[in-house]
Amino acid sequence: MTTQIFLASTLYGTATLAAALDAGCFPPADRRVLLVSNNAATPETAPAVDEMPGFETLRPRFDDVVSWNEVVSPLHPSGWAPRPDDVPLWERHLRLAWGIGDDDVALAVESIQVNPALGVAQIFTDAPVTVYADGLMSYGPTRSKIDPLVGTRVERLLHLDLVPGLEPLLLTEFGVGAEVVPTPAFTKVLAELAGTGDALPEVPEPALLLGQYLSALNILSAEEEESLHVRMLRGAVGLGHTRVVFKPHPTAPARFTRTLEQEAGRLGAELTVLDTPVLAEVLYQRMRPALVVGCFSTALLTASALYGLPVARVGTEVLLERLTPYENSNRVPVTVVDALLPDVTDARAVQEQRRAWTPRP
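Residues numbered from 1 in each chain as written. Predicted model: local features only at pLDDT ≥ 70, side-chain atom pairs only at ≥ 80, totals over all residues. Heavy atoms only, no water.

Chemist: Go over the nonpolar core, please, and point to the residues and values.
Modeler: Counting 87 residues, the largest nonpolar core has Leu17, Phe26, Leu162, Leu209 and Tyr284 as its most contacted members. Ranked by the residues each element gives to this core, the list is headed by helix 1 (residues 11-22), at 8 residues. Discounting chain neighbours no more than four positions away, the residues touching Leu162 are Tyr12, Leu136, Tyr139, Thr298, Leu301, Thr302, Ala305 and Leu306. Core analysis: the second largest hydrophobic core is formed by 34 residues, Ile5, Ile112, Ala127 and Val131 among them. (Core = buried A, V, L, I, M, F, W, Y, C linked by side-chain atoms within 4.5 Å. Buried < 20%, exposed > 50% of the residue type's maximum accessible area, 1.4 Å probe, protein only. Helix = DSSP H or I, 4+ residues; strand = E, 2+ residues; numbered from the N terminus. Contact = heavy atoms within 4.5 Å.)

Written as structure tokens, this is what we have:
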């Protein structure tokens, strides 16, 4: 008997796994378990993956769904790791709790260099590991040293082709090869999610602003992040967009949107703030934005590479100066966005992109 365990902390990552399964990127298994981890700073106030709108559409790909937060409670999933002497005990406990028994186990995890992925890989000591990329960080090198007892078990890196021609560097120190999750399989999964979020407002072809809550990562102060959102709004209005939709990060404070609302009133723009936690890709399909503006969100690249939408960036120059230490894994995503996408204040660059871009099939 074989059991595959898929660890996911975001709906985007779960959609990536669903696309990989649909495309046959994983061999057949007797049982597939989705292990959900809520890595928000305060998990009690943020919805877990299996509570997000659209999850039920992805749920049939898995035989069971279990919670990693419940396993390590009351500790935080990002802050807990098994002590080496306790690893055999933890494996025995999880095999019993999840009904795995003596099955052969294979793992698929994200962000292998940190917990909870690292802790799960350490517990199942003999399991082969597939790492899947949940964003742009896989294009950069592994940011911290990984125990060879874990790194040598990684068989491959699955990633979306968000930057055609660019090869991921993650885990290349272990000779791990990269495999692309077929784009048609991923866009098909996203199309299944297009009907989620029934309460979404009907705003045709707006300028869509993407919030990331960078102050939670201590990259920007709260005031600086509010200013960043205001810059997004001013840039969009400066390009002639009067209908603007702001998609805040699910864990961002409400006062971020109040500042934006005040600025929209001053500029004479019609601002809609979303309070439904859906993927940006759902909005791309429902609203067909005339422009997508963000800092360095992965959603900027899915907008351009998968949906052919015009995109623009704001604030990458500040982040490139601020990100420390050198090994900070956000450096490569910021660099990629800064190099490939036009600044929102460069009207000509944004306009030329809109005319020249050819959507990928």
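Chemist: An account of the packing of helix 1 against helix 7 (residues 183-192) is requested, with residue identities and associated values reported.
Modeler: Look at helix 1 against helix 7: their axes get within 8 Å of each other, and the N-to-C directions meet at 125 degrees. Taken together, helix 1 and helix 7 sit at an angle that is classed as oblique. Seen along the crossing, helix 1 lies across helix 7 with a hand that is right-handed. Here Tyr12, Ala15, Thr16, Ala18, Ala19 and Asp22 of helix 1 lie close against helix 7, whose contacting residues are Ala185, Phe186 and Val189. When grouped by side-chain class, the residues that make up the contact of helix 1 with helix 7 number 7 nonpolar, 1 polar and 1 charged. (Axes fitted to C-alpha atoms, helices over the stretch in contact; angles between N-to-C directions. Parallel < 35°, antiparallel > 145°, perpendicular 65-115°, else oblique. Left-handed = near helix turned anticlockwise from the far one by under 90°. Nonpolar A, V, L, I, M, F, W, Y, C, P; charged D, E, K, R; others polar.)

Chemist: How would you sum up the packing of aromatic side chains? Please name residues and give values.
Modeler: In the structure shown here, the tally under the stated rule is 8 aromatic pairs. Where Phe6 meets Phe62, the ring centres are 5.6 Å apart and the plane angle is 65 degrees; that geometry is what we call edge-to-face. Here Phe6, found in strand 1 (residues 2-8), pairs with Phe62, found in the loop between helix 2 (55-58) and strand 3 (64-67); they are 56 residues apart in sequence, far enough to count as distant. For the pair formed by Phe6 and Phe62, the shared burial category is buried. For the ring pair Tyr12 and Phe186, a centre distance of 5.6 Å and an interplane angle of 75 degrees mean the geometry is edge-to-face. Here Tyr12, found in helix 1, pairs with Phe186, found in helix 7; they are 174 residues apart in sequence, far enough to count as distant. Neither Tyr12 nor Phe186 differs from the other in exposure class; each is buried. Three or more aromatic residues joined by ring pairs make a cluster, and in this case those are Trp68, Trp80, Trp90, Trp98 and Phe124. Seen from the ring of Phe26, Arg156 lies directly overhead, with NZ or CZ sitting 4.9 Å from the centre. (Phe/Tyr/Trp six-rings, centres within 6.5 Å; stacked < 30°, edge-to-face > 60°. Lys NZ or Arg CZ within 6 Å of the ring centre and 35° of its normal.)

Chemist: Tell me what's going on with the sheet that holds strand 3, and back it up with residues and numbers.
Modeler: On the basis of which strands lie adjacent, the open sheet formed by 7 strands has the order 3-2-1-4-5-6-7 and parallel pairing. Here the strands that pair on one side only, and so sit at the sheet edges, are strand 3 and strand 7 (177-181). The average undirected angle you get between the axes of adjacent strands in this sheet is 25 degrees. Pairing between strand 5 (residues 129-132) and strand 6 (residues 154-160): 4 bridges, direction parallel. Note that in strand 6 the partner of Tyr132 across the bridge is Leu158. Running over the sheet, helix 1 touches strand 1, strand 2 (31-36), strand 4 (104-109), strand 5, strand 6 and strand 7 and is turned about 145 degrees from strand 1. (Pairing = 2+ DSSP bridges.)

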